[in-house]
Amino acid sequence: MTEEKGNTAKEVMVRLKTKIENDGDVENVELVTFGTLHHMPNATYIRYIEHVENNGKINTTVKYDGTEMLIIRTGAVKMKQLFKIGSLTVGSYDSIHGTLDLSTHTNALNHTVNKETKEEEFKVSYHLFMQDENVGHYHLTLTVKEENNQ
């Protein structure tokens, strides 16, 4: 990897919390792994690998440009999902079971930085539709924290 001043990828701990609300039911899912954080002039990128039981691994890239968030997953699952406040955006979810059309209506998208703890937090709240059917209101919180072993 070439090092460009200010554009070097940093090793980070990644914590992804997902809260799903659907028909009165609430489900919470949490993933903790390691990845990289890369600040570019026009966007911030977070990359990490998810290991899915009986399904292999999924490479995930999150791109945040200040107004939109794009999540791209490749590997055992292929998915592309765009979040833009107040907009209905379309995407897809490909797995061994086939392809599903996704659409999201994003209610909120926030990014905060805590320089003291070297933590960044990305929050997105949205309604998810699969094949035009509402499957719930999702709240994602993606927290990245710089590793201190540098």
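The model shown is predicted, which means the values in this text are computed figures rather than measured ones.

**With respect to the confidence of the model for the protein**
With 93% of its residues at a pLDDT of at least 70, the protein reaches an overall mean of 90. Scored below 50 in pLDDT, residues 1-5 makes two contacts in the model with residues more than four places away or belonging to other chains.

**Re the layout of surface pockets**
Put simply, the largest pocket is a space of about 650 Å³. Taken together, 31 residues make up the lining of the largest pocket; nearest its centre are Leu16, Thr18, Glu50, Arg73 and Leu140. Sort the elements by how many residues they give to the lining of the largest pocket and strand β9 (residues 119-130) lands first, with five residues. Of the residues belonging to the lining of the largest pocket, the class tally is 23 nonpolar, five polar and three charged.

**Quick look at the nonpolar core**
Counting 26 residues, the largest nonpolar core has Ile46, Met69 and Leu142 as its most contacted members. If you list the elements that add at least two residues to this core, you get β1 (10-22), β3 (44-52), β4 (56-64), β5 (68-75), β6 (78-84), β8 (98-114), β9 and β10 (133-146).

**Concerning the pattern of salt bridges**
Under the counting rule described, the total for this entry stands at five salt bridges. Of the charged contacts, one joins glutamate 68 and lysine 84 as a salt bridge, the two residues approaching to 3.4 Å between their closest N and O atoms. Taken as a pair, glutamate 68 in strand β5 and lysine 84 in strand β6 lie far apart in primary sequence, 16 residues in all.

**With respect to the environment of asparagine 134**
Mapped onto the elements of the fold, asparagine 134 is located in strand β10. In this structure asparagine 134 comes out as partly exposed when scored by relative accessible area, which is 41%. Separated by 116 residues in sequence, asparagine 134 and threonine 18 have C-alpha atoms that sit 17 Å apart. Not counting chain neighbours up to four residues away, the residues in contact with asparagine 134 comprise His127, Leu128 and Phe129.

**As for unusual backbone geometry**
A positive phi angle, close to 50 degrees, is found at glutamine 131, a residue other than glycine. By the element assignment, glutamine 131 lies in the loop between β9 and β10. Overall, glutamine 131 belongs to the partly exposed group, its relative accessible area being 45%. Located in the positive-phi region is aspartate 132, a residue other than glycine, with phi close to 65 degrees. In this structure, aspartate 132 sits in the loop between β9 and β10.

**Section: the packing of aromatic side chains**
Scanning the model with the defined rule gives three aromatic pairs in all. Ring centres of phenylalanine 83 and tyrosine 126 lie 4.6 Å apart, and the angle between their planes is 55 degrees; on these two criteria the pair is classed as tilted. Residue phenylalanine 83 is located in strand β6, and its partner tyrosine 126 is located in strand β9; the two are separated by 43 residues in the primary sequence. Residue phenylalanine 83 is classed as buried on the basis of its relative accessible area, which comes to 0%. Between the aromatic rings of tyrosine 126 and tyrosine 138, the centroid separation amounts to 5.3 Å while the plane-to-plane angle is 20 degrees, which identifies the pairing as stacked. Note that tyrosine 126 is positioned in strand β9 and tyrosine 138 in strand β10, a separation of twelve residues in sequence. Of the residues examined, tyrosine 138 reaches a relative accessible area of 14% and is grouped as buried.

About the thresholds
Residues numbered from 1 in each chain as written. Predicted model: local features only at pLDDT ≥ 70, side-chain atom pairs only at ≥ 80, totals over all residues. Heavy atoms only, no water. pLDDT = per-residue confidence, 0-100. Contact = heavy atoms within 4.5 Å. 1 Å grid on protein atoms, 1.4 Å probe; cavity = no way out; pocket = protein on both sides within 12 Å on 5 of 7 lines; lining within 4 Å. Points joined across faces, edges and corners; volume = space filled by probe spheres on them. Helix = DSSP H or I, 4+ residues; strand = E, 2+ residues; numbered from the N terminus. Nonpolar A, V, L, I, M, F, W, Y, C, P; charged D, E, K, R; others polar. Core = buried A, V, L, I, M, F, W, Y, C linked by side-chain atoms within 4.5 Å. Buried < 20%, exposed > 50% of the residue type's maximum accessible area, 1.4 Å probe, protein only. Salt bridge = Lys/Arg side-chain N within 4 Å of Asp/Glu carboxyl O. Phe/Tyr/Trp six-rings, centres within 6.5 Å; stacked < 30°, edge-to-face > 60°.

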